[in-house]
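Read off the chains here:
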Amino acid sequence: MSGRVLAIDLGARRVGLALSDPSGRIAQPAGTVERQSTAQVIEAIADLVENLGVERIVVGLPRNMDGTEGKAARSARRFGAWLWRRTARPVEFWDERLSTVEAERVLAFLPRGRRRSARDPVAASLILEGYLRRRRAGEEGRDSGAQAPGVPGDHPHGRGRE
């Protein structure tokens, strides 16, 4: 399986993005989207998906440390369902536990202000690296049931793809 993959690290203020190369093998940070509303983030990401030829989307799934899914994970799944409806691209979820902590560790050499702006896309890059590594190994992602299910009546634009 090849093609560009976009990874998303959802945050309350910023959404970190990472993009693979066209062969789907190398991950690199791709910036952030400042969150004003969920609909605005969905539209910004949909534009990137179209303009960059993204074939698959990976959304970080913030599981609890015991592996269960709480409010943040449900929100990520809902976001993935909206994104799937908007882009018609397969959406998969990847366990992102500690990705932001790892990003902070990777960026420890930067001054605090620069670290803050780089943290979210680096966290997304770490999510994407894990996903691509597993895919290259021929294994299924950590979350089987890869495609985002529809969430009836719960769309940021008040409509879904039917």
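Quick caveat, the model's predicted, so the values are computed rather than measured.

Colleague: Would you mind going over the overall build of the protein with me for this structure?
Modeller: For the protein, the helix and strand inventory stands at four helices and five strands. For the protein, the sequential pattern of α-helices and β-strands runs β-β-β-α-β-α-β-α-α. Taking all 162 residues of the protein together, 43% fall into the buried category. Put simply, of all contacts in the protein between residues at least 6 apart along the chain, 66% involve residues at least 24 apart.

Colleague: Just checking my understanding: could you explain the confidence of the model for the protein for this structure?
Modeller: Detailed reading of the predicted model is not advised wherever pLDDT is low. Summarising the model, the protein shows a mean pLDDT of 80, and 71% of its residues fall at 70 or more. A low-confidence stretch, residues 144-162 (pLDDT under 50), is modelled with 37 contacts involving residues beyond four sequence positions or located in other chains.

Colleague: How should I be thinking about helix H2 (residues 71-87) in this particular structure?
Modeller: Note that an α-helix has 3.6 residues per turn; residues three or four places apart therefore point the same way. Taking 1.5 Å per residue as the helical rise, H2 with its 17 residues ought to reach 24 Å, and the 24 Å between its terminal C-alpha atoms agrees with that figure. When we look at burial in H2, the residues that qualify are Ala73, Ala76, Phe79, Gly80, Ala81, Trp82, Leu83, Arg85 and Thr87. Contacts from the buried residues of H2 go to strand E1 (4-9), helix H1 (38-52), strand E4 (54-61) and strand E5 (91-95). Directly after H2, the chain includes Ala88, whose backbone phi takes a positive value near 60 degrees.

Colleague: What is the right way to look at the packing of H1 against H2 in this model?
Modeller: Each pair of packed helices can be summarised by the angle the axes make with each other and by the distance between the axes. The N-to-C vectors of H1 and H2 enclose an angle of 45 degrees; their axes lie 10 Å apart at closest approach. Here H1 is positioned oblique relative to H2, judged by the angle of their axes. In the crossing of H1 with H2, the sense of the turn from one axis to the other is right-handed. Between H1, through Thr38, Val41, Ile42, Glu43, Ile45, Ala46 and Val49, and H2, the contact on the second element is made entirely by Phe79, Trp82, Leu83, Arg86 and Thr87. Of the residues assigned to the contact of H1 with H2, the class counts are eight nonpolar, two polar and two charged.

Definitions and limits used
- Residues numbered from 1 in each chain as written.
- Predicted model: local features only at pLDDT ≥ 70, side-chain atom pairs only at ≥ 80, totals over all residues.
- Heavy atoms only, no water.
- Helix = DSSP H or I, 4+ residues; strand = E, 2+ residues; numbered from the N terminus.
- Buried < 20%, exposed > 50% of the residue type's maximum accessible area, 1.4 Å probe, protein only.
- Contact = heavy atoms within 4.5 Å.
- pLDDT = per-residue confidence, 0-100.
- Expected span 1.5 Å × (residues − 1).
- Axes fitted to C-alpha atoms, helices over the stretch in contact; angles between N-to-C directions.
- Parallel < 35°, antiparallel > 145°, perpendicular 65-115°, else oblique.
- Left-handed = near helix turned anticlockwise from the far one by under 90°.
- Nonpolar A, V, L, I, M, F, W, Y, C, P; charged D, E, K, R; others polar.

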